[in-house]
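So the chains spell out like this:
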Amino acid sequence: MTTKLANIYEFLLRKYGEKYIVTFTKAPPTYISNIIGADENPGKIVFFYIEKRGTTKVTNSVSPSKICIHKRNEKTDLDLTGSPLKDDCEIETIEDDAKMNFMRINPWELEEELHRGVSLGKARAIICSQDFQLCPGAKESVGSVWFLCLPDDEKKTLLLQYEFTRKGFSRGIVHYMGVVPAKCVTMQSILKNHFSAVGAERTGIETHIANTYHIKSNITVCCSWSTSSSLPSLIDLSTCDVILNQTFSSKNCNPVTEGFLDQLRILTSIREDILSYKESENSDIVKEPVYRCGIGIEMSEVREDINKVMLEIAETLPTACTECDIEDVIQNAKRRRLNDLTDKLWEILRCCSSYKDLKLSFNILFQCAARCNIVNTPVNKNRLAEIVAKVSNRRLAIPCLSGSEPLELLLEIGLEKLYKDYEYIFVESKICSANDLRKKWATQEHKESEATVLNIRKSLRNAVAQPENTALRKTLLQNDRKAINEKSREDLTVFKNSNFDEIESAQSLAKLFQIHCAIEHLIMIHINLNLSSAYYEVFDQLLRMPSRTIDQIKGTLIDEIHIPLPAHYIRDHLQDKNPHSRRISIKSSDKFREVKSSFYFNIDNVCPPNILETPNFEEKMVTKEIVYHHWLYRKIISQ
């Protein structure tokens, strides 16, 4: 049916395109979606309007984000006195804060400020014309044609709708009803308005109510329900369907989690440098790998730190039994003591200022492992831990890393260390267990008996199979990969320095970014709603969503979620609070037609000033009197 509507669009564009802007879009303007509701626009629409270009649109150029790396051993100021992170967020202040904040935020898109309505008389003339109603494809089409009008008539008509249906047609109209105090919004007055227009003798009356509460500028709670009662209540917090809507922007990361997102960006940059070098290997010009994430560290300090972490005894600290909220747990995760050797090496090696220093640091590491008895034996299952253990046990000669291998080893231990940070957060905050986290993160393609989260935990999978009679001590062979064919490579007895895989590393980073976004959403829920009982349900739903792409880690991600919650979670928080916006839709019918009236109330004006100029009621806001902008959308469908 979209094809048929496209034919109507082409006809209208040829006939009226010189006088009006005619568009064919799947995403209608925000003010249409807000007023009539998303359910009324299931597909594409044809939209008539005039464009007023008085000024040139300014687009903000976004410069590439820099990786923020904090210096080692830098003391973090953990004094949160007066910080919003420690704000108990009294629910009584939500309403006032939401009103003051949202009066300064435009609820429309920037380009919609150029929209301008056509004359109401001309719009009606187009709709009533025979050419319009009998245009090619009209009988087979399903979809709406909308006209933006100048609201200069007595009823302030803002929009006209002509909808093509299989049975014939339906018409809709949107009026701006002015500003009304919240106390005047009653179900009796709404029902009276509906029946005064359609008549009292109606059957099949159904009412749908949706109340939206703005907790913050990026957090809303929508409570909706349907009823056939003759006089329904305007608020129902017992049996309603609750949807939590949140938007997280990676550009505005929570300060408490910023360090983890920085590590993700560092790991992404390391992977990019690895791929860049591998591309140059296949070309005629081979360039040296680069490492651009370190802040700089002296080799003498590297040697001293490596000796220290190898010889110190790893202590297993008891788990604290005190109850901590997720915010405190994240702070503890940032300063927790690292026990495994490779986790400590990540903190040391990533500080190298260049590829040359990084390669030299790995050489220092292997020399230290060869001549001393390691007290802190590595237990992580990554290739660097395996190399260090084998060199220390005299089963492997000191490796000579080449090409991107230092970067690959650094990437692998960084991925595992960051995963442990996230695992610590979820386990200590009692959202889920470590085993449960691994099961939830298992990929669909993974068919092993025990699912694992990160592919780095399968680092031995790509190791070359060894014959049974092979000596325990192996010697690393440096071979020209281009000169060895696949058949001869299988016959070589080698120990691979790295298990880097382009696809697996991208999947690991994407999964880590997904769980970071989940943590951000949970912190928002904790700070603004304090729904600790809902953490597991929210986290479970977030991990069921598709993974993010690796490109979104370094860019600016706008992560918007819509999570259903049980009504009893938010009942106490929203009790006796006026919603920021509400939509009451009443549907009734007789044997000739069906009539739907949608009454939309919003504290904000959802239309740009060029479309609808509304009175300023800041004085009433100061006196705490809540007032709504009111729109009425009435739709008549012929039976």
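Everything below is about the structure printed above this text.
Let us look at the structure shown here. Every value quoted in this text rests on a predicted model; they were computed, and no experiment measured them.

The next subject is the overall build of the protein. Along its length, the protein carries 20 helices and 13 strands. Relative to its 639 residues, the protein shows a buried fraction of 50%. Contacts in the protein between residues at least 24 apart in sequence constitute 75% of all its contacts with a sequence separation of at least 6. Summed over all atoms, the accessible surface of the protein reaches about 32500 Å², with 49% contributed by carbon and sulfur.

A separate point is the packing of helix α10 (residues 341–349) against helix α13 (residues 405–428). Remark: α10 packs on α13, axes separated minimally by 9 Å, with the N-to-C direction vectors making an angle of 115°. Helix-helix and strand crossings are classified by hand; for α10 and α13 the assignment is left-handed. Residues Thr342, Asp343, Leu345, Trp346, Glu347 and Leu349 of α10 lie in contact with α13, whose contacting residues are Leu410, Ile413, Gly414, Lys417 and Lys420. Among the residues making up the contact of α10 with α13, the classes are represented as five nonpolar, two polar and four charged.

The next thing to look at is a nonpolar patch on the surface. Among the surface-exposed residues, Leu311, Ile313 and Val375 lie close enough to one another that they form a single nonpolar patch of about 290 Å² accessible area. The exposure class assigned to Val375 is partly exposed, which follows from its relative accessible area of 44%.

What follows is about the pattern of salt bridges. Per the counting criterion, the structure on display carries 18 salt bridges. Across the pair Glu40 and Lys596 runs a salt bridge whose closest N-O atoms are separated by 2.5 Å. Note that Glu40 is positioned in the loop between α2 (30–36) and β2 (45–51) and Lys596 in strand β12 (residues 593–602), a separation of 556 residues in sequence. On the accessibility criterion, Lys596 (18% relative accessible area) is buried. Linking Lys417 and Asp421 is a salt bridge whose minimum nitrogen-to-oxygen distance equals 2.8 Å.

Quick look at unusual backbone geometry now. You will see that Lys156, though not glycine, has its phi angle at about 50°, which is positive. Residue Lys156 is classed as partly exposed on the basis of its relative accessible area of 35%. The phi dihedral of Asn530 falls on the positive side, at around 55°, and the residue is not glycine. Note that Asn530 resides in the loop between α16 (502–528) and α17 (535–543).

Here we take up the nonpolar core. Counting residues in each nonpolar core, the largest one holds 118 residues, and the members touching the most others are Ile270, Met310 and Phe539. The dominant element in this core, judged by the number of residues it contributes, is α16, at 13 residues. Ranked by size, the runner-up nonpolar core spans 24 residues in total, among them Tyr9, Phe11, Tyr16 and Val145.

Between helix α7 (residues 258–281) and α13, whose axes approach to 10 Å, the crossing angle comes to 155°. Looking at the two axes, α7 sits roughly antiparallel to α13. For the pair α7 and α13, the crossing hand works out as left-handed. For the pair α7 and α13, contact is made by Phe260, Gln263, Leu264, Leu267, Ile270, Arg271, Asp273, Ile274 and Lys278 and by Leu407, Glu408, Leu410, Leu411, Gly414, Leu415, Lys417, Leu418, Asp421, Tyr422 and Ile425, respectively.

Moving on to the pairing of strand β5 (residues 157–164). Most of β5 sits out of view: eight of its eight residues are buried. Alignment of β5 against strand β6 (residues 169–181), held across seven bridges, turns out to be antiparallel. Across the sheet, the residue bridging to Glu163 is Ser170, located in β6.

Turning our attention to the side chain of Ser598. For Ser598, the position within the fold is in strand β12. Classification of Ser598 as buried rests on a relative accessible area of 1%. In terms of polar contacts, Ser598 uses its side chain to reach the side chain of Ser585, at 3.0 Å. If we skip the residues at most four places from it in the chain, Ser598 touches Ile584, Ser585, Trp631, Leu632 and Tyr633.

Here the focus is the environment of Lys251. Mapping Lys251 onto the fold places it in the loop between β9 (241–249) and α7. Taking C-alpha positions, Lys251 is 8.2 Å from Gly555, a pair spaced 304 residues apart along the chain.

Quick look at the packing of aromatic side chains now. This model, assessed by the stated rule, comprises 16 aromatic pairs. When the ring of Trp146 is compared with that of Tyr633, the centres are 6.0 Å apart and the planes differ by 40°; the resulting orientation is tilted. Within this pair, whereas Trp146 is found in strand β4 (residues 143–148), its partner Tyr633 is found in strand β13 (residues 627–638), the two being separated by 487 residues in sequence. In this structure, Trp146 and Tyr633 share a single accessibility class: buried.

What follows deals with the side chain of Asp343. Tracing the backbone shows Asp343 in helix α10. Residue class for Asp343 comes out buried when judged on its relative accessible area of 2%. Once residues lying within four places of it in the same chain are set aside, the contact partners of Asp343 are Leu338, Asn380, Lys417 and Lys420.

Thresholds applied
Residues numbered from 1 in each chain as written. Predicted model: local features only at pLDDT ≥ 70, side-chain atom pairs only at ≥ 80, totals over all residues. Heavy atoms only, no water. Helix = DSSP H or I, 4+ residues; strand = E, 2+ residues; numbered from the N terminus. Buried < 20%, exposed > 50% of the residue type's maximum accessible area, 1.4 Å probe, protein only. Contact = heavy atoms within 4.5 Å. Areas by Shrake-Rupley, 256 points an atom, 1.4 Å probe, with all protein chains shown as cover. Axes fitted to C-alpha atoms, helices over the stretch in contact; angles between N-to-C directions. Left-handed = near helix turned anticlockwise from the far one by under 90°. Nonpolar A, V, L, I, M, F, W, Y, C, P; charged D, E, K, R; others polar. Patch = residues over 30% accessible without salt bridge, like charges linked within 9 Å, V, L, I, M, F, W, Y side chains within 5 Å. Salt bridge = Lys/Arg side-chain N within 4 Å of Asp/Glu carboxyl O. Core = buried A, V, L, I, M, F, W, Y, C linked by side-chain atoms within 4.5 Å. Parallel < 35°, antiparallel > 145°, perpendicular 65-115°, else oblique. Pairing = 2+ DSSP bridges. Polar contact = N/O pair within 3.5 Å; in protein donor to acceptor, adjacent residues only side chain to side chain. Phe/Tyr/Trp six-rings, centres within 6.5 Å; stacked < 30°, edge-to-face > 60°.

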